[in-house]
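# Commentary on secondary and tertiary structure
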Amino acid sequence: MTVPYRPMAARRPDEPHRASTPLELLFDLSFVVAVASAAAMLHHSLTENHIGHGLLGYATVFFAIWWAWLNFTWFASSYDTDDVVYRVTTLVQITGVLVLAAGVPRAFEDGDFTVVTIGYVVMRLAMVSQWLRARHGDPERRPTATRYALGITVVQLGWIGRLFLPDGLLLTAFVVLAVCEMLVPVIAERAAGTTFHVGHVVERYGLFTLIVLGESILAASNAIRAGLDAGTDVPALVSLAFAGLVIVFALWWLYFDCPEQDLTASLRKSLTWGYGHYLVFASAAAVGAGLEVSVDYDTHVAHLPSLAAAMTTTAPVAVYLLVVWFLQVFETSDGLARWTFPITAALVLAASFGPAPIHVTAVLLAALVAVNVVSNRRRHDGA
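An account of the accompanying structure is given in this report. These figures come from a predicted structure and were not determined experimentally. (Residues numbered from 1 in each chain as written. Predicted model: local features only at pLDDT ≥ 70, side-chain atom pairs only at ≥ 80, totals over all residues. Heavy atoms only, no water.)

### Description of the overall build of the protein chain
From N to C terminus, the protein chain includes twelve helices and zero strands. The helix and strand sequence of the protein chain, counted from the amino end, reads α-α-α-α-α-α-α-α-α-α-α-α. Its C-alpha atoms give the protein chain a radius of gyration of 22 Å, near enough to 21 Å, the size a compact globule of 383 residues would have. When the 383 residues of the protein chain are sorted by exposure, 52% land in the buried category. Long-range pairs, those at least 24 residues apart, make up 81% of the contacts in the protein chain with a sequence separation of at least 6. Across the protein chain, 22 positive and 29 negative side-chain charges occur, with their mean positions spaced 11 Å apart. (Helix = DSSP H or I, 4+ residues; strand = E, 2+ residues; numbered from the N terminus. Rg over C-alpha atoms; globule rule 2.2 N^0.38 Å. Buried < 20%, exposed > 50% of the residue type's maximum accessible area, 1.4 Å probe, protein only. Contact = heavy atoms within 4.5 Å. Lys, Arg positive; Asp, Glu negative; His and termini not counted. Charge placed at Lys NZ, Arg CZ, Asp CG, Glu CD.)

### Observations concerning the packing of helix H6 (residues 167–189) against helix H9 (residues 267–298)
Axes are the key here: two packed helices are described by the angle between their axes and the distance separating the axes. As a packed pair, H6 and H9 sit with axes 11 Å apart at the nearest point and diverge in direction by 160 degrees. Between H6 and H9, the crossing angle belongs to the class labelled roughly antiparallel. The way H6 lies across H9 gives a crossing that is right-handed. On H9, the residues touching Met182, Pro185, Val186 and Glu189 of H6 are Leu267, Leu271 and Tyr275. Partitioning the contact of H6 with H9 into residue classes produces six nonpolar, no polar and one charged. (Axes fitted to C-alpha atoms, helices over the stretch in contact; angles between N-to-C directions. Parallel < 35°, antiparallel > 145°, perpendicular 65-115°, else oblique. Left-handed = near helix turned anticlockwise from the far one by under 90°. Nonpolar A, V, L, I, M, F, W, Y, C, P; charged D, E, K, R; others polar.)

### Some remarks on the packing of aromatic side chains
Applying the stated rule across the entire model yields 33 aromatic pairs. With centroids separated by 4.8 Å and ring planes inclined at 70 degrees, the aromatic side chains of tryptophan 74 and phenylalanine 196 adopt a geometry described as edge-to-face. A residue pair is termed long-range when its members are at least 10 positions apart, and tryptophan 74 in helix H2 (residues 51–79) and phenylalanine 196 in the loop between H6 and helix H7 (198–229) qualify at 122 residues. Neither residue differs from the other here; tryptophan 74 and phenylalanine 196 are each classed as buried. Here tyrosine 255 and phenylalanine 256 contribute two aromatic rings whose centre-to-centre distance is 4.9 Å and whose plane-to-plane angle is 75 degrees, an arrangement assigned as edge-to-face. (Phe/Tyr/Trp six-rings, centres within 6.5 Å; stacked < 30°, edge-to-face > 60°.)

### Here's the deal with empty space enclosed by the protein
Summed over all chains, the structure comprises three cavities of 30 Å³ or more. The computed volume of the largest cavity comes to approximately 110 Å³. What lines the largest cavity is Thr60, Val61, Ala64, Phe113, Val116, Thr117, Tyr120, Trp159, Arg162 and Phe174. Looking at the lining of the largest cavity, the elements with two or more residues in it are H2, helix H4 (114–137) and helix H5 (142–162). (1 Å grid on protein atoms, 1.4 Å probe; cavity = no way out; pocket = protein on both sides within 12 Å on 5 of 7 lines; lining within 4 Å. Points joined across faces, edges and corners; volume = space filled by probe spheres on them.)

### Focus: the pattern of salt bridges
Taken as a whole, this structure holds nine salt bridges when the rule is applied. Between glutamate 15 and arginine 11 there is a salt bridge, and its shortest N-O distance comes to 2.6 Å. Residues participating in the shared-partner salt-bridge network are Glu24, Asp28 and Arg204. (Salt bridge = Lys/Arg side-chain N within 4 Å of Asp/Glu carboxyl O.)

### Considering the packing of H2 against H6
Axis separation between H2 and H6 bottoms out at 12 Å; the angle between their running directions is 25 degrees. By the angle class used here, H2 and H6 are roughly parallel. Read as a crossing pair, H2 and H6 show a hand that is left-handed. Together, Leu56, Thr60, Phe63, Trp66 and Trp67 of H2 and Leu171, Phe174, Ala178, Glu181, Met182 and Pro185 of H6 make up the contact between the two elements. Residue classes in the contact of H2 with H6 are distributed as nine nonpolar, one polar and one charged.

### Looking at the side chain of asparagine 372
Relative to the helices and strands, asparagine 372 resides in helix H12 (residues 357–382). Note on asparagine 372: relative accessible area 10%, which makes it buried. Asparagine 372 has contacts with Leu254, Asp257 and Phe341, leaving out every residue within four places of it along the chain.

### Digging into the nonpolar core
Across soluble globular proteins, nonpolar side chains show a tendency to be buried alongside one another. Formed by 113 residues in total, the largest nonpolar core has its most connected members in Phe62 and Trp131. In terms of residue count, H2 provides more of this core than any other element does, 16 residues in total. With near-sequence residues (within four places) excluded, tryptophan 131 lies in contact with Phe75, Tyr79, Ala145, Tyr148, Ala149, Ile152 and Thr194. (Core = buried A, V, L, I, M, F, W, Y, C linked by side-chain atoms within 4.5 Å.)

### Examining the environment of leucine 279
Residue placement: leucine 279 occurs in helix H9. Residue class for leucine 279 comes out partly exposed when judged on its relative accessible area of 40%. Between the C-alpha atom of leucine 279 and that of leucine 23, which follows or precedes it by 256 residues, the distance is 25 Å. Beyond its immediate chain neighbours, meaning those up to four positions away, leucine 279 contacts Val319 and Val323.

### Points about the side chain of serine 294
Inspection of the secondary structure puts serine 294 in helix H9. Apart from the residues lying within four places of it in its own chain, the contact partners of serine 294 are Leu240, Ala309, Thr313 and Ile358.

### Examining helix H3 (residues 84–110)
Its 27 residues give H3 an end-to-end C-alpha distance of 39 Å, which sits within 8% of 39 Å, the value for a rise of 1.5 Å per residue. Within H3, the axis deviates most sharply at glycine 103, by approximately 35 degrees, and proline proline 105 lies no more than four positions further along. Taken from the residues just after H3, glycine 111 is the one with a positive phi, measuring 70 degrees. (Expected span 1.5 Å × (residues − 1). Bend = angle between axes of the 7 residues up to and from the residue.)

### Considering unusual backbone geometry
Of note in the backbone geometry, histidine 17 takes a positive phi value of approximately 55 degrees without being a glycine. Looking at the element boundaries, histidine 17 is found in the segment before helix H1 (22–47). Look at histidine 17 and you get exposed, because its relative accessible area is 83%. Positioned with a positive phi, histidine 300 is a non-glycine residue whose angle comes to about 65 degrees. Its location among the elements puts histidine 300 in the loop between H9 and helix H10 (306–329).

Okay, structure coming up:
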């Protein structure tokens, strides 16, 4: 039974059987809408050969999505009280996510970030109220909570002020404010580290990885259906669909087959792992947009050259491989196995220049999965 209110004391970092709560899963579900909207607009921009505009819009919008999700996830791991006040505050954050998602098309098409900013600020100010609760309920980490609450509030004022800047300063202001956002945890955690649960955080990141990979499957499926409805070359589309599924399945396998990470080793380790997932999530979602572009190219809908069409898929796949390798493979592997991820990433990019880049990418990723399985088995047998 949910109580109206309980003090927000820090949870134990070694709490047994810690798993995602139904509220956290609902929170993740709301982000499906935002991620899908951002990926759809990226697909539209790439198809129209507005590559620079599309990538910039996608990177900025996805930062807002990712950063709001990340902050809630780490906070909940340390301070989830599951009382009425906590639940209502989280539901306010979910409302902010949906407002942000509603503003994504306008941000892409007109460069108007007003609605996106409103949704984002709603989420972030709700998080400020959570940190103020933590400040009251956890005296040992009161300086940390104070720094979080103050830092987040100041940066939100900056995001609101950005809406009134001339167009020429918007990108610069975004970079400055994004850096400030990421510096808040660096500064706050130095006062006294929060008691996040490693297993819980890793599980939460894995669930969000599933969400973005699921978006890629859905996007590819919708593109194939549109091609079939148009009466285009059915065998070619089926072949492309199969290759796309192999790519997404391989990306899933490679992420979840990595060794567990010791995020308590240092603040730098936990921040690097947590922040680095921006590229994991963004590239995974972008793969779906790229597969849609490939279908558009094959059905003569896309307005971009063959190399660019190929790289809308191969480039995010390569980024995904490199970042997963850096975050989860490099330090735990040795010998040739340490370099299979970057070698495959280079070969995937090289496939962009060939006649069947999606199919070759699928073959390369399937081969990497096989090599990774053998390598892990040898490491396990030798342990």
